[in-house]
Amino acid sequence: MSAPTDPAAANGSPQHQAIEEALATVIDPELRRPITELGMVESVRVSGDGKVTLAVLLTIAGCPLRDTITTDSRNALMAVPGVTDVHVELKVMDQAQRDALKEKLRGAGGQRRIPFNEPDSLTKVYAVASGKGGVGKSSVTVNLACALAAQGLRVGIVDADVYGFSVPALMGITQKPTQVDDMILPPVAYGVKVISIGMFVSGNKPVAWRGPMLHRALEQFLTDVYFGDLDALFLDLPPGTGDIAISVAQLLPKAEILVVTTPQAAAADVAERAGAIATQTGQTIAGVIENMSYLEMPDGGRMELFGSGGGAVLTERLSSTVGAEVPLLGQIPLDIQLREGGDTGVPIVLGRPEAAGAAALAGIAGQLAAKPRGLAGMKLGLQPR
C-alpha cells in the first residue's frame, strides 16, 4: 500500500532516510542547489514492491531543463537499495511557492539588490577591460572563468559588451535564460553561470542603444539575475572607457580591473587608458594580461609577430599612475587551438588543456584563485566576553 513521504519529515526507516539522502544529491541545473533545499520536492510515495513515485515542482511550466531534472532524480533514486522503479511527476509551483523560493534565494523580503555589494559578500569581481577591440579579451574572460570553475570554484560571467557580445558563442550556449517572475536564472555551461544580451536578441540582430539603456541593462543583469554565492564574477567589458566602464564603477565599486593587451607598443598605449580609469573611479587594478605574445615554432623557437614588451611596459606605466604595484599576470601565446575552441564553444583550458595557450591561461587563473576572498570590513558576529 502506498504511503506519502516528505523527505523533510521522513518516517525514520532506513529506506526513507536513503531516499532523502539520494534526493539531496539532485542539483537543480540552473539554481545549482539541491532540489530538496529549494522546496521542489512535493511528495514521495513508496509502494510495497519498491516502486517510487516522486512529484517535483518546477519553477515554470516551460522549464528548459525539465528532462535533466527527471533523469537525475530517477538515477539518484534507482541507486537506493530496495527501489525497483521510479516514476517522476513534474508539476509547477504556484505563486506562493515561487514567492517563497525567491525569498529563500534573495534573502528576507526577496528584494531586488546587487548582492555583490552586500557587506557580507565574499565574491571577487573582475572587470576585464581593454583599450581597443581585437586583443582577445572575451576569449581570455571565458577561459579564466572556466579554469576557475574546473578547480571547483563557483563562477559567473556578465557579458557586458552589449554591442559586441560573444560570450554565449565562445561557451557554446544556445539556451535562453529562465524567468521566474522578476528573477532571471542564467544558463550554465562548464559550471559557469552566464548572462548576455545576446540571449535576448534574435539571430545576429544588432543592439542599437544609447548610454542610459546600457546602464539599465547592466543594472538589471546585476539585480535580477540570480547567480547565487559566487567565488568569482567576471564582467567582459566593451573596449575603451565609455558608458559601461563608468556604469561598472558606479554599480560595482569594489570590482578589480584586469587589463588585456598585446605586446605591441601602440596597443599598450591604448590599453593604458583602460587601466588608468581606476584613478578616476577609485577601483583597483588586479593586473595586466598580455595576449598574442608570441607564436611557438616547430623547432621550439618563438616568433614575436606583434613585437614584445608591451605587457611589461603597461604594468610599469599603470603602477606609476595608480601609485601601487600592478603585476603582469601572464603572457598568452598565439595558439590556433585557442581560436578553434572559441569557434566550437569549447574553451581551450577544457578542450585542450595540454596546449601552450591553455597552460598560460591556467597559470593566470591560478593566481586569481590564490587571492583570498577578503573579510575586511565584514561583521563576524563576535561578542566580547
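Since this is a predicted model, take the numbers as computed values, not measurements. (Residues numbered from 1 in each chain as written. Predicted model: local features only at pLDDT ≥ 70, side-chain atom pairs only at ≥ 80, totals over all residues. Heavy atoms only, no water.)

1. Re the UniProt feature "domain: MIP18 family-like" (unreviewed entry) in the protein
Going by this rule: UniProt positions are given in the numbering used here, feature names are shortened, and annotations may be inferred rather than shown by experiment. Strands are runs of DSSP state E lasting at least 2 residues, helices are runs of H or I lasting at least 4, and numbering of each runs from the N terminus.
Here, the residues flagged by UniProt with the feature "domain: MIP18 family-like" (unreviewed entry) are residues 17-88. Along residues 17-88 the backbone is 28% helical and 25% strand, and the end-to-end C-alpha distance reaches 19 Å.

2. Some details on the environment of Met297
The test is simple: Residue contacts follow a heavy-atom distance rule, with two residues in contact if any of their heavy atoms lie within 4.5 Å.
Looking at where Met297 falls in the secondary structure, it is placed in the loop between β14 (295-296) and β15 (302-303). Between the alpha carbons of Met297 and Gly307 there is a distance of 16 Å; along the sequence they are 10 residues apart. Once residues lying within four places of it in the same chain are set aside, the contact partners of Met297 are Arg302 and Met303.

3. Details of the pattern of salt bridges
Applied cut-off: Salt bridges are defined as contacts in which a side-chain nitrogen from Lys or Arg sits within 4 Å of a carboxyl oxygen from Asp or Glu. Working definition: with a 1.4 Å probe on protein chains only, accessible area under 20% of the residue-type maximum means buried, over 50% means exposed, and in between means partly exposed.
According to the stated counting rule, one finds 17 salt bridges in the structure shown. A salt bridge links Asp181 to Arg98, with the nearest nitrogen and oxygen atoms 3.8 Å apart. Separated by 83 residues along the polypeptide, Asp181 in the loop between β7 (178-180) and β8 (183-185) and Arg98 in helix α3 (residues 95-106) bring together distant segments of the chain. Residue classification places Asp181 among the partly exposed positions, given a relative accessible area of 30%. Put simply, Lys102 and Asp99 hold a salt bridge, and the shortest N to O gap is 3.6 Å. Linking Lys102 with Asp99, this pair stays in helix α3, spanning 3 residues, or about one helical turn. One network of salt bridges, in which partners are shared, links Arg98, Asp99, Lys102, Arg106, Asp181 and Asp182.

4. What to know about the UniProt feature "binding site: ATP" (unreviewed entry) in the protein
Under the UniProt annotation, the feature "binding site: ATP" (unreviewed entry) is placed at Gly131, Lys132, Gly133, Gly134, Val135, Gly136, Lys137 and Ser138. Relative to the assigned elements, Gly131 resides in the loop between β5 (124-130) and α4 (137-150). If near-sequence neighbours (up to four positions away) are discounted, Gly131 is found in contact with Pro239, Gly240, Val270, Ala271 and Ala274. Note that Ser138 resides in helix α4. In this structure, Ser138 is in contact with Ser166, Leu170 and Asp236, ignoring residues within four places of it in sequence.

5. A look at the sheet that holds strand β10 (residues 192-196)
Convention followed: Whether two strands pair comes down to DSSP finding at least two bridges between them. Here the axes come from fitting lines to C-alpha atoms, over the contacting stretch only for helices, and the angles between their N-to-C directions go from 0 to 180 degrees.
An order of β9-β10-β6-β11-β5-β12-β13-β16 is seen for the 8 strands of this open sheet, with the pairing classed as mixed. Each having just a single partner strand, β9 (188-189) and β16 (328-331) make up the two edges of the open sheet. Pairing geometry for strand β6 (residues 155-159) and strand β11 (residues 232-236), over 5 bridges, is parallel. Paired with Val155 across the strands is Ala232, a residue of β11. Contacts from helix α10 (residues 310-322) reach β12 (256-261), β13 (284-290) and β16 within the one sheet, and its direction differs from that of β13 by about 165°.

6. What to know about unusual backbone geometry
Not every positive phi belongs to a glycine, and Asp181 is a case in point at roughly 55°. Positive phi, normally seen in glycine, also occurs at Tyr190, with a value near 55°. With respect to the element layout, Tyr190 can be found in the loop between β9 and β10.

7. Things to note about the packing of helix α6 (residues 211-224) against helix α7 (residues 243-251)
Here is the rule we go by: In these notes the angle categories are as follows: under 35 degrees is roughly parallel, over 145 is roughly antiparallel, 65 to 115 is roughly perpendicular, and the rest is oblique. By definition, turning the near helix anticlockwise from the far helix through less than a right angle yields a left-handed crossing, and turning it clockwise yields a right-handed one. Here the nonpolar group is Ala, Val, Leu, Ile, Met, Phe, Trp, Tyr, Cys and Pro; Asp, Glu, Lys and Arg are the charged ones; every other residue, Gly included, is treated as polar.
Interaxial distance between α6 and α7 falls to 10 Å at its minimum, and their mutual angle equals 40°. With respect to α7, the element α6 is oriented oblique. Crossing of α6 against α7: the hand is right-handed. Between α6 and α7, the residues in contact are Gly211, Leu214, His215, Leu218, Glu219 and Leu222 and Asp243, Ile244, Ser247, Val248, Gln250 and Leu251, respectively. Residue composition of the contact of α6 with α7, by class: 6 nonpolar, 4 polar and 2 charged.

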